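Here are the chains, one letter per residue:
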Amino acid sequence: MKETYFRAYQMVHKQALKVMKWRKPVLIEGENALLKLPQIITDNDIKRVLIVTDKGIVKAGLMKHLLVAFDKVGIEYTIYQDTVPNPTIDNIEDALALYKAQRCQGIIAFGGGSPMDCAKGVGARVARPNKTIEQLKGQLKVNKAIPLLFAIPTTAGTGSETTLAAVVSNSRTHEKYALMDLSLIPHFAVLDPVLTLNLPKHITATTGMDALTHAIEAYIGRSNTSETKMCSEEAVRLIFSNLLTAYEDGQNIAARKNMQKASFLAGVAFTRAFVGYVHAIAHTLGGFYKTPHGLANAVILPYVLEYYGDAVYDQLAKLSDVIGLSNKEYSNEAKAKQLISEIRELNAKMGIPEKIEGIEEKDIPLMVERAYREANPLYPVPKILDKHQLTELYYLIKE
């Protein structure tokens, strides 16, 4: 009975998405594209901006050229650098206080997915000052224009520069959830591969696998459009062609550029077609143990794909063909299993473990409950899993 309701909900939701006013960020890409941003900000009559980032970005000096350019054209900026992985409500409220105190007019998200989620949260609170983050969680609760948001990814994985979601953690309840609203899609996205050249290898690996998870979960779900399928296929092709190169040779600008494009395309795909149980489980691990999101996705992905079984053979077989992995005479089941094996092999080559450390048995029932609630009825997964099956998956990934 529940499955019938979930599928009916997803069908209605898919039809509703067709009439919504989707927009994509204005894309600024290429080497040193970052230096085009001051003029764009000036052209939009913005004189004061809040930059949401983290201490690692500041310490690495990735913003220094941009800040010099801001000084030259008279753009005032305030930096919030305390964003943590799996950003919290407290992060958003602290950044919001700076935004208000400095009378900012726009927001720059500079970094990986965490600063972008935090910046989107600030935008949501500016748009809805009388609502708390908890009141804004879920779908279409903002429904009002946020300040101009400029997204500058320094990793190639989250796709947050093009998505409608901000994922937030409640540090008191260990809950991790998303705000999803079309107004949260950044207005501008700057893809400058130079910013990713010095990424640590483990971040290159896990963020790249995050992008792969986005592309695959969007592709195998039931809310695809012709555009999201095309974006997912191209993202998967780019990732399998470039991720290992970017991991092994961090200065390879072509591989870095291709991974940024893959991340962007995967973001376009999943912001419209949604994700699935991989993300639902990963979010609970981030909430309970602060497990980095990309790492969680990378480990969980092959287990969930195997668990889906024949519900995903046809889609995975097509992706296997896209990357030229399998003999075309193989059955779809054989092609799908070969793709899953290839994902595991890619993880292993980049030092990603096969299991998640630190999962405590006592936490599993609550994590199962939260993952089940997140996924159902919203995520148009290829196969609906019950709580018993989700429990089995937690034990499969548990070290």
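For the structure, see preceding data.
All residue numbers refer to position in the chain's written sequence, counted from 1. Two thresholds apply to this predicted model, a pLDDT of at least 70 for residue-level local features and 80 or more for giving and counting side-chain atom pairs, whereas whole-chain, interface and lining totals are computed over all residues. For side-chain calculations, the full set of non-hydrogen atoms in the structure is used, while hydrogens and water are omitted.

Here helix α10 (residues 253-273) spans 30 Å end to end across 21 residues, near enough to the 30 Å set by a 1.5 Å rise per residue. The rule is simple: take the accessible area with a 1.4 Å probe, protein chains only, and divide by the maximum for that residue type; under 20% is buried, over 50% is exposed, in between is partly exposed. The secondary structure listing takes helices from DSSP runs of H or I that are at least 4 residues long and strands from runs of E that are at least 2 residues long, numbered from the N terminus. The element α10 is largely enclosed, with a buried count of 16 among its 21 residues. In the analysis that follows, any N or O atom pair within 3.5 Å is treated as a polar contact, provided that within protein one partner can donate a hydrogen and the other can accept it, and provided that, for residues neighboring in sequence, both atoms belong to side chains. If you check the start of α10, you find a side-chain oxygen 3.2 Å away from the backbone N of A254, and it comes from N252. The first or second residue beyond α10 is F274, which carries a positive phi of 70°. Every helix has an expected span of 1.5 Å times one less than the residues it contains.

This part covers the packing of aromatic side chains. Any two aromatic rings considered together are summarised by their centre-to-centre distance and by the angle between their planes. Side-chain rings of Phe, Tyr and Trp, where Trp is taken by its six-membered ring, are said to pair if the distance between their centres is within 6.5 Å; with planes under 30 degrees apart they count as stacked, over 60 as edge-to-face, and otherwise as tilted. Inspection of every chain in the model, using the stated rule, returns seven aromatic pairs. Taking the centre distance of 5.2 Å and the plane angle of 15° together, the rings of F150 and F188 count as stacked. Taken together, the positions of F150 in strand β6 (residues 148-153) and F188 in strand β9 (residues 188-191) put the pair 38 residues apart, joining distant regions of the chain. The exposure class assigned to F188 is buried, which follows from its relative accessible area of 12%. Clustering of aromatic rings is evident, with ring pairs tying together Y5, F6, Y9 and Y372. Directly above the aromatic system of Y177 lies the positively charged group of K137, at a separation of 4.7 Å from the ring centroid. Lysine and arginine charges are scored as sitting over a ring when NZ or CZ, respectively, is within 6 Å of the ring centre and within 35 degrees of the ring normal. Note that R344 overlies the ring of Y303, its terminal NZ or CZ placed 4.8 Å from the centroid.

With that settled, the discussion passes to unusual backbone geometry. In this chain, N376 is followed by P377 through a cis amide linkage whose omega measures 5°. Along the chain, P377 falls in the loop between α15 (364-375) and α16 (387-397). You will see that N32, though not glycine, has its phi angle at about 65°, which is positive. Structurally, N32 can be placed in the loop between β1 (26-29) and α2 (37-43). For H174, which is not glycine, the phi dihedral falls at a positive 65°. Turning to its location among the elements, H174 is positioned in the loop between β7 (165-170) and β8 (175-180).

Attention now goes to the sheet that holds β6. Paired through their backbone hydrogen bonds, the strands of a sheet run either parallel or antiparallel. The strand order across the open sheet built from six strands is β1-β9-β6-β4-β2-β3, with neighbouring strands paired in parallel fashion. Only two strands of the sheet have a single partner each, and these edge strands are β1 and β3 (76-80). Within the sheet, the average angular offset between the axes of one strand and its neighbour, ignoring direction, is 20°. Pairing geometry for β1 and β9, over four bridges, is parallel. The residue of β9 that forms the bridge with L27 is A189. Any two residues whose heavy atoms approach within 4.5 Å at even a single point are treated as in contact. Orientation is described by axes fitted as lines to C-alpha atoms, over the contacting stretch for helices, and by angles from 0 to 180 degrees between their N-to-C directions. Most of the contacts of helix α5 (residues 89-101) go to β3, to which it runs at about 160°, and overall it touches β2 (48-52), β3 and β4 (106-111). When DSSP finds at least two bridges between two strands, those strands are taken to pair.

Here β9 shows two buried faces, one formed by F188 and V190 and the other by A189 and L191. In this structure, β6 lies alongside β9, joined through two bridges in parallel fashion. Note that in β9 the partner of A151 across the bridge is A189.

A word on the sheet that holds strand β5 (residues 138-139). Pairing within the open sheet is mixed, and its three strands lie in the order β5-β8-β7. Every other strand in the sheet has two partners, leaving β5 and β7 as the edge strands with one partner each. Pairing analysis gives six bridges linking β7 to β8, with the strands arranged antiparallel. Counterpart to V167 in the pairing with β8 is A178.

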